[in-house]
Amino acid sequence: VPWPPLPFTDIEARNVATLLTEAGMQVAVRQGFAATEESVIALCKKSSVPKVLHFSTHGFSFPDPEPVEKARRRVADSKEPVFKRSEHPMMRSGLILAGANRVWTGGKPIQGLEDGILTAYEISQLNLEGTELVVLSACETGLGKIEGNEGIYGLQRAFKIAGAKYLLMSLWQVPDFQAEAFMNAFYREWLQ
């Protein structure tokens, strides 16, 4: 099943960009087809990483497949995305970026391009040293697999490993319209 469009993410991105610009920050916005996995990777390879990194998109976090399910899925269940059936918890959490629906629904990535699915594992390999705040305006981004006293394996761990200082995440479904309104209010308060 493809990820549906989020019409209020464009409004959210413009509003957040305006608030940050008015606060004196340099802002680079990537929306629509420009919001690619490549653009995130390139941003984190620069000598100065962003102070604030804001994602307004779909997020996912799938639970650990049941032991019986693991065996069955290994055999032939290719209808579900590999991200959902992976045994590695850092592959079962991530963010959906431009182009992801093609791979998510069973297609092959376009040659020479990333698949548009930024997993927690991939995020953990980025350089976000110096990033003060990462905001994930997406569903269930704070979820993941709890491993004993190791903590949560998911997006939270990934961004911390990458070097981000603070994270704003969600443990539940976030309706598009309400997320836009909340983010507007959050940034107004945070910037004061």
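Each remark here, short or long, concerns the structure printed above.
Per chain, residue numbering runs from 1 following the sequence as it is written. Residue-level local features of this predicted model are given only where pLDDT is at least 70; pairs of side-chain atoms are given and counted only at 80 or more, and the full residue set underlies all totals for whole chains, interfaces and linings. With hydrogens and water stripped out, all remaining heavy atoms of the structure feed into the side-chain values.

### Side note on the sheet that holds strand β3 (residues 93-96)
So, point 1. As summarised here, the arrangement of the 3 strands in space is β2-β3-β4, forming an open sheet in which the pairing is antiparallel. The strands lining the two open edges of the sheet, one partner per strand, are β2 (58-61) and β4 (117-119). Averaged over all pairs of adjacent strands, the angle between strand axes in this sheet comes to 25°, irrespective of strand direction.
So, point 2. Strand pairing is defined by DSSP finding a minimum of two bridges between the two strands. For helices the rule is a DSSP run of H or I covering at least 4 residues; for strands it is a run of E covering at least 2, with both sets numbered from the N terminus onward. Sheet analysis places β3 next to β4, joined by 3 bridges and oriented antiparallel. Axis definition: a line fit to C-alpha positions, over the contact stretch in the case of helices; interaxial angles, taken between N-to-C directions, run 0 to 180 degrees.

### Details of the nonpolar core
So, point 1. Counting 19 residues, the largest nonpolar core has F55 and F159 as the members making the most contacts within it.
So, point 2. Counting residues per element, the ones that place at least two in this core are β1 (52-56), α6 (120-124), β5 (133-137) and α7 (155-162).
So, point 3. For this core, the leading source of residues is α7, giving 4 residues.
So, point 4. Once residues within four sequence positions are removed from consideration, F159 is found in contact with F55, L95, I123, L128, V134, L136, A164 and L167.
So, point 5. By size, the runner-up hydrophobic cluster in this structure holds 9 residues, among which are V16, L20, M25 and M183. Nonpolar cores were defined as sets of buried Ala, Val, Leu, Ile, Met, Phe, Trp, Tyr and Cys residues, with membership established by side-chain atoms within 4.5 Å. Think of it in three bands: residues with accessible area under 20% of the maximum for their type are buried, residues over 50% are exposed, and the middle band is partly exposed, with areas taken using a 1.4 Å probe on protein chains only. Here, two residues are considered to be in contact whenever any of their heavy atoms come within 4.5 Å of each other.

### A word on the packing of aromatic side chains
So, point 1. Under the pairing criterion, centres of Phe, Tyr and Trp rings, with the six-membered ring standing for Trp, must be within 6.5 Å; the plane angle then separates stacked pairs below 30 degrees from edge-to-face pairs above 60, leaving the rest tilted. Following the criterion strictly, the structure yields 11 aromatic pairs and no others.
So, point 2. Ring centres 5.6 Å apart and planes at 35° place the aromatic pair F60 and F62 in the tilted group.
So, point 3. What makes F60 buried here is its relative accessible area of 2%.
So, point 4. Here the aromatic residues W3, F60, F62 and W104 are joined through ring pairs into a cluster of three or more.
So, point 5. Over a ring means this: the NZ of a Lys or the CZ of an Arg is within 6 Å of the ring centre and within 35 degrees of the ring normal. Across the ring face of Y153, the terminal group of R157 is positioned such that the distance to the ring centre comes to 3.9 Å.

### A closer look at the pattern of salt bridges
So, point 1. Whenever Lys or Arg places a side-chain nitrogen within 4 Å of a carboxyl oxygen from Asp or Glu, that contact is recorded as a salt bridge. In total, this model carries 4 salt bridges according to the counting rule given.
So, point 2. Between E132 and K51 there is a salt bridge, with its nearest N and O atoms 3.8 Å apart. Of the two residues, E132 is situated in the loop between α6 and β5 and K51 in the loop between α2 (37-43) and β1; the sequence distance between them amounts to 81 residues.
So, point 3. Residue classification places K51 among the partly exposed positions, given a relative accessible area of 43%.
So, point 4. Among the salt bridges present, the one from D64 reaches R92, with a minimum N-O distance of 3.5 Å. Taken together, the positions of D64 in the loop between β2 and α3 (67-76) and R92 in the loop between α4 (82-85) and β3 put the pair 28 residues apart, joining distant regions of the chain.
So, point 5. R92 gets classed as buried once you look at its relative accessible area, which sits at 1%.
So, point 6. Through salt bridges with shared partners, a single network forms among D64, R92, K145 and E147.

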